[in-house]
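One-letter residues, chain by chain:
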2 protein chains.
Amino acid sequence: MKERRIPKETIDRLPLYLRCLDKLIEQGEENISSENFSNRLNLNSAQVRKDLSYFGDFGKRGVGYETKKLASKIRTILNLDQKWKMALVGVGNIGSALLTYSGFDRRVFEVTMAFDRNPQLIGQEIDGVEVEDVSTVSDRIAEENVKLGIIAVPASSAQKVAEMLVKGGVTGLLNFAPTLLDLPEDVQLAQVDITKELEQLVYYL
Amino acid sequence: MKERRIPKETIDRLPLYLRCLDKLIEQGEENISSENFSNRLNLNSAQVRKDLSYFGDFGKRGVGYETKKLASKIRTILNLDQKWKMALVGVGNIGSALLTYSGFDRRVFEVTMAFDRNPQLIGQEIDGVEVEDVSTVSDRIAEENVKLGIIAVPASSAQKVAEMLVKGGVTGLLNFAPTLLDLPEDVQLAQVDITKELEQLVYYL
DNA sequence: CAGTGTGAAGATGTTCACAGCG
DNA sequence: CGCTGTGAACATCTTCACACTG
């Protein structure tokens, strides 16, 4: 096990390794070589070996990596062996899509609270989650000890919402609003910016 | 004007510059310095100057960059001074959210066609767009000369849908399914992977 | 002997520092 | 005089190449 700093690009790839491993496990594969891995993910095989070696020596020379053991190890590294409750703010188009989104593994990620400012929505139940008044968000998430927040409000109110979530104790934010958020250093941010993706995409066309 | 290759990180940042400029223009600002820019976007000011200089010498020494001229230039670089019609495949949670999403500038990006395989959805109209049978997608987008496709189907059918879209002539894809797509070299891909974002996020918590 | 783990080389991106222009 | 544009230094990430091991 090395003590070197881990490149964020490596962290970027871990979820992809994991997905690939889960597929292999389902198919009954017990081992995979870095070469095979790299073909499936369009990477260089040395990249795969280096990425994995940051966390210890998992591979068997001449054989490869044990799929089950490696998958479980990656889950531990990424903190996926616990349940993350999430608070959603903004139950509009995207927000309500997330509430009913079936792509999450609910043993790991689940939206357990939802907030909006629209009185028509407050009190309604969507997929088992009751929409609450956004003005109560700081207190409520502190009460429920929720550490992840999802911002699905218009850009104009995103910063305000972020501050309310931080006040309530979240340490991670997933932001769908096309805005740069100004956050305390100890709060992590993941940004999903659809318009930006499209704008970049068409540059290459 | 330099002939150097442009780093993709630079292309990544152009949409952010543009957003920032649009805000400044709205506020009536006529000029902005690289220093001011870099503060707003949490970058190094040399970075800003280098990024912009790839496309020509837009700045006035001692003054900065003309907001309107620069915004217009960036739009041209990114190919945003034309209208991009988009075909959406998969009118589920995320798909229907995208159909009614108000975050796009409709002079640039608009979902003009939608497809699904669910007979209950086919024929329905959502936000002015009629949902058509996915089996017709290749022909229909060729007919309408649509060059951008959005994949919002489950991972299991994403590759198949991608192939239908490519057959119909798209050159750019925005994929929401958590899968690696295997595409021809001349088809550009943008990936929006919410689960991956979350998995990376919690690593840092 | 196939396939890992890893120094070293190479590629790419960022920041510094300053000459030079408006 | 202020701020751009840009070589050069630095930092980071990727790939090569090969010693070594199960």
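Here, every reference points to the structure presented above.
Thresholds, definitions, all that
Residues numbered from 1 in each chain as written. Chains lettered and ligands numbered in written order. Predicted model: local features only at pLDDT ≥ 70, side-chain atom pairs only at ≥ 80, totals over all residues. Heavy atoms only, no water. Helix = DSSP H or I, 4+ residues; strand = E, 2+ residues; numbered from the N terminus. Buried < 20%, exposed > 50% of the residue type's maximum accessible area, 1.4 Å probe, protein only. Contact = heavy atoms within 4.5 Å. Lys, Arg positive; Asp, Glu negative; His and termini not counted. Charge placed at Lys NZ, Arg CZ, Asp CG, Glu CD. 1 Å grid on protein atoms, 1.4 Å probe; cavity = no way out; pocket = protein on both sides within 12 Å on 5 of 7 lines; lining within 4 Å. Points joined across faces, edges and corners; volume = space filled by probe spheres on them. Nonpolar A, V, L, I, M, F, W, Y, C, P; charged D, E, K, R; others polar. Core = buried A, V, L, I, M, F, W, Y, C linked by side-chain atoms within 4.5 Å. Least-squares fit on C-alpha atoms with pLDDT ≥ 70 in both. Pairing = 2+ DSSP bridges. Axes fitted to C-alpha atoms, helices over the stretch in contact; angles between N-to-C directions. Buried area = accessible area lost by both parts, 1.4 Å probe. Salt bridge = Lys/Arg side-chain N within 4 Å of Asp/Glu carboxyl O. Polar contact = N/O pair within 3.5 Å; in protein donor to acceptor, adjacent residues only side chain to side chain.

Undergrad: Explain the overall build of chain A residue by residue, including any values.
TA: Helix and strand content of chain A: eight helices and nine strands. By its C-alpha atoms, chain A is 65 × 40 × 35 Å across when sized along the principal axes. Burial statistics for chain A: of 205 residues in total, 48% are counted as buried. Summarising the internal contacts of chain A: among those between residues at least 6 apart in sequence, 55% fall at separations of at least 24. On chain A, the mean spot of the 26 positive side-chain charges and the mean spot of the 30 negative ones are 8 Å from each other.

Undergrad: Lay out empty space enclosed by the protein in plain terms, naming residues and giving numbers.
TA: According to the stated counting rule, one finds one cavity of 30 Å³ or more in the structure shown. Of the volumes computed, that of the largest cavity is approximately 100 Å³. Taken together, Ile 94, Ala 97, Leu 98, Phe 176 and Ile 194 of chain A together with Ile 94, Ala 97, Leu 98, Phe 176 and Ile 194 of chain B make up the full set of residues lining the largest cavity. Of all the elements in the fold, those that place two or more residues in the lining of the largest cavity are α5 (93-100) of chain A together with α5 (93-100) of chain B. Its residues assigned to classes, the lining of the largest cavity shows 10 nonpolar, no polar and no charged.

Undergrad: Run through the nonpolar core, naming residues and quoting values.
TA: One broad rule of soluble globular proteins: the nonpolar side chains tend to lie buried together. Of all hydrophobic cores here, the largest spans 100 residues; its most connected members are Phe 109 of chain A together with Phe 109 of chain B. For Phe 109 of chain B, the contacting residues outside a window of four places in its chain are Leu 198, Glu 199 and Val 202 of chain A together with Leu 80, Trp 84, Met 86, Phe 104 and Leu 148 of chain B.

Undergrad: Now, about the relation of the copies chain B and chain A: what can you tell me, with residues and values included?
TA: With an RMSD of 0.0 Å, the operation that places chain B on chain A is a rotation of 180° combined with a shift of 0.0 Å along the axis. Such a combination of rotation and displacement between the chain copies is what one expects of a two-fold axis. Counting the interface residues of chain B, we find that 100% of their copies in chain A are interface residues as well, pointing to one common contact surface.

Undergrad: Would you mind going over the sheet that holds strand β7 (residues 148-151) of chain A in detail, with residue names and values included?
TA: Residue and element names in this part refer to chain A. One open sheet accounts for seven strands, arranged β5-β6-β4-β3-β7-β8-β9; its pairing is mixed. The two strands at the open ends of the sheet, each matched to only one other strand, are β5 (125-126) and β9 (188-191). Bridge analysis of β5 against strand β6 (residues 129-133) gives two bridges, and the strand direction is antiparallel. Across the sheet, residue Ile 126 finds its bridge partner in β6, namely Val 129. Together, β3 (84-89), β4 (109-116) and β6 form the strand contacts of helix α6 (residues 137-144), whose direction differs from that of β4 by roughly 155°.

Undergrad: Summarise the interface of chain B and chain A; cite the residues concerned and give the values.
TA: Contact with chain B, which involves 53 residues of that partner, is made by 53 residues of chain A. A combined buried area of about 4900 Å² lies between chain B and chain A, and 68% of that area is made up of carbon and sulfur atoms. Where chain B meets chain A, there are four salt bridges. For Arg 19 of chain B, the salt bridge goes to Asp 193 of chain A, with nearest N and O atoms at 2.7 Å. Between the two partners, chain B and chain A, sit 10 residue pairs in polar contact (both at pLDDT 80 or more). Elements with a minimum of two residues in the side of chain B that touches chain A: α1 (8-26), α2 (34-41), α4 (67-78), β3 (84-89), α5, β8 (172-175), β9 (188-191) and α8 (194-203) of chain B. Counting residues per element, the side of chain B that touches chain A draws most heavily on α8 of chain B, which supplies 10 residues. Class assignment for the residues of the side of chain B that touches chain A results in 32 nonpolar, 13 polar and eight charged.

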